[in-house]
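# What the coordinates show
Listed here are the chains, written in short residue letters.
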Amino acid sequence: MPAGGGGAEGRARRAGRAAGRALRRPFTGVARRLRRVTHAHGAGESGLAKLIELHAVNSAGDMMITVALASTVFFSVPTNEARGRVALYLAVTMAPFALLAPVVGPLLDRVPHGRRAAMAGAMLARALLALTMSGAVAGGGLQLYPAALGVLVASKAYGVVRSAVVPRLLPPRISLVKANSRVTLAGLVATGVAAPAGAGLHLLGPAWPLYGAFVVFVAGTCLSLSLPHKVDSARGEARARLASGEAGAAGGRPVKAGLRTVGPSVLHGLQANAALRALSGFLTFFLAFLLRAQPLGGLGAAASLGLVAVAAGTGNALGTAVGAWLKARGPEPIVAAVLGLALGVTVLAAVFYGVMAVVVVTAVAATAGLCQALAKLSLDAMIQRDVPEGVRTSAFARSETALQLAWVVGGAIGISLPLIGVVGMVVAAGLVAVGAALAGRGLLGAGRRGGSAAPRVA
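The rules behind the values
Residues numbered from 1 in each chain as written. Predicted model: local features only at pLDDT ≥ 70, side-chain atom pairs only at ≥ 80, totals over all residues. Heavy atoms only, no water. Core = buried A, V, L, I, M, F, W, Y, C linked by side-chain atoms within 4.5 Å. Buried < 20%, exposed > 50% of the residue type's maximum accessible area, 1.4 Å probe, protein only. Helix = DSSP H or I, 4+ residues; strand = E, 2+ residues; numbered from the N terminus. Contact = heavy atoms within 4.5 Å. Phe/Tyr/Trp six-rings, centres within 6.5 Å; stacked < 30°, edge-to-face > 60°. Expected span 1.5 Å × (residues − 1). Arc of directions from axis to C-beta. Axes fitted to C-alpha atoms, helices over the stretch in contact; angles between N-to-C directions. Parallel < 35°, antiparallel > 145°, perpendicular 65-115°, else oblique. Left-handed = near helix turned anticlockwise from the far one by under 90°. Nonpolar A, V, L, I, M, F, W, Y, C, P; charged D, E, K, R; others polar. Salt bridge = Lys/Arg side-chain N within 4 Å of Asp/Glu carboxyl O. pLDDT = per-residue confidence, 0-100.

## A look at the nonpolar core
Counting residues in hydrophobic clusters, the biggest one holds 99 residues, and the most contacted among them are Ile65, Met133, Leu283 and Met425. Broken down by element, the residue count for this core peaks at 14 residues, all from helix α10 (residues 264-293). Residues contacting Met425, with those up to four places away along its chain left out, are Leu283, Phe286, Leu287, Thr346, Ala349, Ala350, Tyr353 and Val364.

Structural data, given as structure tokens:
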């Protein structure tokens, strides 16, 4: 009997191990495949793979906080009160972003050796703030807003530093536009995974998504510090200024290195991207409230918002994939083309909104996502091509901050409008039209010339 019992126990252990291996196999297989993708073409050796993984963790944590805040600030109160809360949320973010634009870029220029620490600090700050919000999220009191503001500012500060870090980790076989495409795509995939995970945690209680975010951001803190040491290298770098250079270079004298040394191409690309980013912020908030009050035909408010979110995410992923496929060919015509596409779709949306609202809203959301992704990747290509290597890192930091501020401005406009679909589509078309008027002609002209030649650099 003892021998037989021992044999049965041994068989049970072997069966348990076999079952464990069978359960782990799908997850380990997926992890190995993802690792092969992120480490391909020298990204593993250069350290870019670690940045890709870090950005995926960052996006997952941000999404869990978004789930927790949306359930408190947006869905749990009547529409008019929710508009007031979100308007307050946007209002208190404007001052930090206005300060972020002139401060973060120069700070990175002066303290280039602390980029890993800066990203780790942004992660750790959000981890601690997520715990702070977990005690206030159920009631939705005003004490939630300072913590939420801190999370938003830390998130955008991470984005600025991450854009500055990418050029330092480029492997020889990957262009900058392709590297940014990989980073962005990893963030989109992580967001898609974290959204249902956060919703599942929310079923346990309103604070549970924030507990999940805490764990994710702690992991991100460790990943930030594990980035290669060359992230903190400042060799060959110089400061950049977001300004047009015609005046500085008109006299033929050498000018100080900066964005003014590259001609108008990057400036026009930034103007176009700012218009598209403002469109994204506008649609995010305007459609959120519009569809809550006026769901799409036959759908509830949550289903309508989910449909629009899927359309926007699909467009963003498609734009990222197309941008990687196009590589760095003709960035100016690409940006001009997506401006024209966005303008045409928003104009058609304003005309046909009352006839086919479901098609119009999903088409606008998908187009905005696609155009924003393609335009951003094309701007990256312009900076790679036109900005001298010594100021490229600073240029990425400044441009990313300007685009984040444009998103906040667009969101503020969306909050202030009445919930009338046609009016919203007209305003959306107006935002894109401003960008087209400022940048379209210059982009097409620079594209015909094959890019802008930079004046002499001191």
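## A closer look at the packing of aromatic side chains
Each aromatic ring pair is summarised here by two numbers: the centre-to-centre distance and the angle between the ring planes. Per the counting criterion, the structure on display carries three aromatic pairs. A centroid spacing of 5.4 Å and a plane angle of 85° characterise the contact between Trp208 and Tyr211, whose relative ring orientation is edge-to-face. Pair noted here: Trp208 and Tyr211 are both in helix α8 (residues 208-225), with a separation of three residues, about one helical turn. The class for Tyr211 is partly exposed, based on a relative accessible area of 33%.

## Some thoughts on helix α5 (residues 115-134)
Helix length check: α5, at 20 residues, gives a terminal C-alpha distance of 29 Å against a target of 28 Å (1.5 Å per residue), a fit within 8%. Residues of α5 that are buried include every one of Arg115, Arg116, Met119, Ala120, Ala122, Met123, Arg126, Ala127, Ala130, Met133 and Ser134, and no others. Seen from one end, α5 has its buried residues packed into an arc of 155°, which puts them on one side.

## Here we look at the packing of α10 against helix α12 (residues 331-352)
In helix packing, the relevant descriptors are the interaxial angle and the interaxial distance, both defined with respect to the helix axes. Relative to each other, α10 and α12 sit at 30°, their axes nearing to 10 Å. In terms of their interaxial angle, α10 and α12 are classed as roughly parallel. Like other packed secondary-structure pairs, α10 and α12 cross with a definite hand, here left-handed. Every residue of α12 that contacts α10 at Ser265, Ala272, Leu276 and Leu279 is listed here: Glu332, Val335, Val338, Leu339, Ala342 and Thr346. Broken down by class, the residue content of the contact of α10 with α12 amounts to seven nonpolar, two polar and one charged.

## Focus: the pattern of salt bridges
Counted under the stated rule, the structure contains two salt bridges. One salt bridge connects Arg126 with Asp62, and the closest N-O pair in it is separated by 3.0 Å. One end of the pair, Arg126, is in helix α5; the other, Asp62, is in helix α3 (residues 48-74), and 64 residues separate them in sequence. Classification of Arg126 by relative accessible area gives buried; the value is 0%. Among the ionic pairs, Asp380 bridges to Lys376, the shortest N-O distance being 2.9 Å. Here Asp380 pairs with Lys376, and both are found in helix α13 (residues 357-386), just four residues apart, close to one helical turn.

## Looking at the confidence of the model for the protein chain
For the protein chain, per-residue confidence averages 76 on the pLDDT scale, and residues scoring 70 or more make up 68% of the total. At the low end of the mean pLDDT range in the protein chain sits helix α9 (residues 246-249), at 44; at the high end sits α8, at 92. This stretch, residues 452-458, has a pLDDT under 50; its non-local contacts, to residues over four places away or in other chains, come to 26 contacts.

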